[in-house]
Amino acid sequence: MPHAVIAATGLFTPEQSISNAELVEAYNTWAERWNEAHAQQITEGDVAALTPSSVEFIEKASGIKSRFVLDKAGILDPDRMAPNLPERSNEELSIMAEMAVKAARQAIEAWGKPVSEIGAVLCAASNMPRPYPALAVEIQQALGIEGFGFDMNVACSSATFGIKTAADFIASGSVKAVLMVNPEICSAHLNFTDRDSHFIFGDVCTAVIVESSETAGPSGWDVLGTRLKTVFSNNIRNNFGFLNRWALETGEAPSTERLAPGEQDDKLFIQQGRKVFKDVVPLVSDMIVDHAGELGIEPTGLKRMWLHQANINMNQMIGRKVLGRDPEPQENVIILDEYANTSSAGSIIAFHLNQQGFEAGETGLICSFGAGYSAGTVFVRKRA
């Protein structure tokens, strides 16, 4: 039976980047204005004054130093505090499709084969621009790919779920190659007026070509095994969905441009970070070790781990639990200092940028985890 091979990857990175210092300056200006506007309520004890953010706070909490974004000006404007991404007409390529096409073309060029050999397109991301038509089908058309495409959303785990789905298509003989893309405009679901999370996310897109071992060349990565897991939790949530426009308690669509603290802030990204850390670290660590044992792989012998890039403290803890010691930097790849959390794309960015130094037969792990809860493990072996 043919097995799946990760044949090529691609990455689209926006041109604009925001440093922690720039982000802090914008937030503190906004928070100071908010405190001034609510000075009487603060004095009377009806509301709490907003606490300033700082570069030191962000780096200690997350390890993030900067993030790439599609629109820097809107995010750093204290009168807006949100990206400015103009709506496009139905006749134009949508912004997420445009990102995906750029990442996909890089992967296709590295692959070196015609798109006619791709039989399916999967768009796996944490947010979609519309319910339908599927973004994957738009990307498929833009690239001139035959076959079929569909969208899938498992939040930060979408990429590993996408690789698993592609691998299953390969194993069943449905197609010979699958393009899986992860366009993430995380800045659009982030509340930049929330001190505890305003620094977390960035924008990016990754692409992966998964091919049958029957047609793959000698390079690339054999997919040794994939495993998925979900456990329902409200500790990470975004309540802004297509039904919100008609919510009886509001009568109109909630504003996503600028939210005051406590004012429908659950319509954007929210999380209970400490609970997430406590729940997810053991869930993911145990899942990795168990899956490795099932495949006959000694987890302490993994050459490299490309984990979801959510939080440096979380990644370091998972690395220690899996390897049984403090990982070396090259063993537990960290790219979130430059890219921040890019949801489903994070582990693929790490994989795309840090594949060097492997000999044939050496193994590594692509792993994602996030809202749901969801988690996915993909063990890979370097081909000859």
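Residues numbered from 1 in each chain as written. Predicted model: local features only at pLDDT ≥ 70, side-chain atom pairs only at ≥ 80, totals over all residues. Heavy atoms only, no water.

1. A short note on the sheet that holds strand β7 (residues 203–212)
The pairing of strands in a sheet comes from backbone hydrogen bonds and takes either a parallel or an antiparallel form. The mixed open sheet is built from 9 strands, whose spatial order is β5-β4-β6-β7-β1-β8-β13-β12-β11. In the strand order of this sheet, the two ends are held by β5 (148–152) and β11 (304–307), each with one partner. In this sheet, adjacent strand axes meet at a mean angle of 25 degrees when their direction is disregarded. (Pairing = 2+ DSSP bridges. Helix = DSSP H or I, 4+ residues; strand = E, 2+ residues; numbered from the N terminus. Axes fitted to C-alpha atoms, helices over the stretch in contact; angles between N-to-C directions.)

2. Quick notes on the pattern of salt bridges
Taken as a whole and assessed by the stated rule, the structure comprises 15 salt bridges. For Lys176, the salt bridge identified is with Glu214, shortest N-O distance 2.7 Å. Pair noted here: Lys176 is in the loop between α7 (158–172) and β6 (177–185) and Glu214 is in the loop between β7 and β8 (221–230), with a separation of 38 residues, a long-range link. A salt bridge links Arg320 to Asp326; its shortest N-O distance comes to 3.7 Å. Overall, the relative accessible area of 51% leaves Asp326 in the exposed class. Shared partners join several salt bridges into a network, and the residues in it are Asp222, Arg381 and Arg383. (Salt bridge = Lys/Arg side-chain N within 4 Å of Asp/Glu carboxyl O. Buried < 20%, exposed > 50% of the residue type's maximum accessible area, 1.4 Å probe, protein only.)

3. A short note on the environment of Val115
Mapped onto the fold, Val115 is located in the loop between α5 (95–111) and β4 (120–124). Accessibility expressed as a relative area gives 22% for Val115, which makes it partly exposed. For the pair Val115 and Glu146, spaced 31 residues apart in sequence, the C-alpha separation works out to 8.3 Å. Not counting residues within four places of it along the chain, the set of residues in contact with Val115 comprises Ile108, Leu143, Gly144 and Ile145. (Contact = heavy atoms within 4.5 Å.)

4. A look at the nonpolar core
Residues Val284, Ile288, Ile318 and Phe369 are the most contacted members of the largest nonpolar core, which totals 48 residues. For this core, the secondary structure elements donating two or more residues are α1 (20–37), α8 (273–295), β11, α9 (312–323), β12 (363–370) and β13 (374–382). By residue number, the principal contributor to this core is α8, which donates 8 residues. With 37 residues, the next largest nonpolar core counts Ala124, Phe169, Tyr339 and Phe351 among its residues. (Core = buried A, V, L, I, M, F, W, Y, C linked by side-chain atoms within 4.5 Å.)

5. A look at the environment of Ala292
Assignment of secondary structure puts Ala292 in helix α8. You can call Ala292 buried: its relative accessible area is 0%. Sequence separation between Ala292 and Phe379 is 87 residues; the distance between their C-alpha atoms is 7.9 Å. With near-sequence residues (within four places) excluded, Ala292 lies in contact with Ile297, Pro299 and Phe379.

6. A closer look at the pairing of β11
Burial along β11 is two-sided: the face carrying Arg304 and Trp306 and the face carrying Met305 and Leu307 are both buried. The pairing of β11 with β12 spans 4 bridges and is classified as parallel. Note on β12: the bridge partner recorded for Met305 is Leu365.

7. Thoughts on the packing of aromatic side chains
Scanning the entire structure with this criterion turns up 12 aromatic pairs. Between Trp221 and Trp306, the aromatic rings sit 5.6 Å apart at their centres with planes inclined by 85 degrees, giving edge-to-face as the arrangement. Note that Trp221 is positioned in strand β8 and Trp306 in strand β11, a separation of 85 residues in sequence. Under the relative-accessibility criterion, Trp306 is labelled buried at 0%. Feature note: the residues Trp221, Trp306, Phe351 and Phe358 constitute an aromatic cluster, connected by ring pairs. The ring of Phe57 is capped by Arg195, whose NZ or CZ atom sits 4.0 Å from the centre of that ring. One Lys or Arg, Lys303, reaches over the ring of Phe358 and ends 5.7 Å from the middle of that ring. (Phe/Tyr/Trp six-rings, centres within 6.5 Å; stacked < 30°, edge-to-face > 60°. Lys NZ or Arg CZ within 6 Å of the ring centre and 35° of its normal.)

8. A word on the side chain of Asn315
Summarising the element assignment, Asn315 is placed in helix α9. Given the relative accessible area of 0%, Asn315 is considered buried. Among residues more than four places away in sequence, those in contact with Asn315 are Leu307, His308, Gln309, Ala310, Asn332, Ile334 and Phe369.

9. Thoughts on the state of the cysteines
Among covalent bonds in proteins, the disulfide is the one between the sulfur atoms of two cysteines. According to the stated counting rule, one finds 0 disulfides in the structure shown. Here Cys367 stays free of any disulfide, with the sulfur of Cys156 as its closest cysteine sulfur at 12 Å. What makes Cys367 buried here is its relative accessible area of 1%. (Disulfide = S-S within 2.5 Å.)

10. Some thoughts on the confidence of the model for the protein chain
Low pLDDT marks regions whose predicted coordinates should not be analysed in detail. Averaged over all residues, the pLDDT of the protein chain equals 92, while 93% of them reach at least 70. Here residues 250–262 is a poorly scored stretch, pLDDT under 50, and it has 31 contacts once near neighbours within four places are set aside; other chains count. (pLDDT = per-residue confidence, 0-100.)

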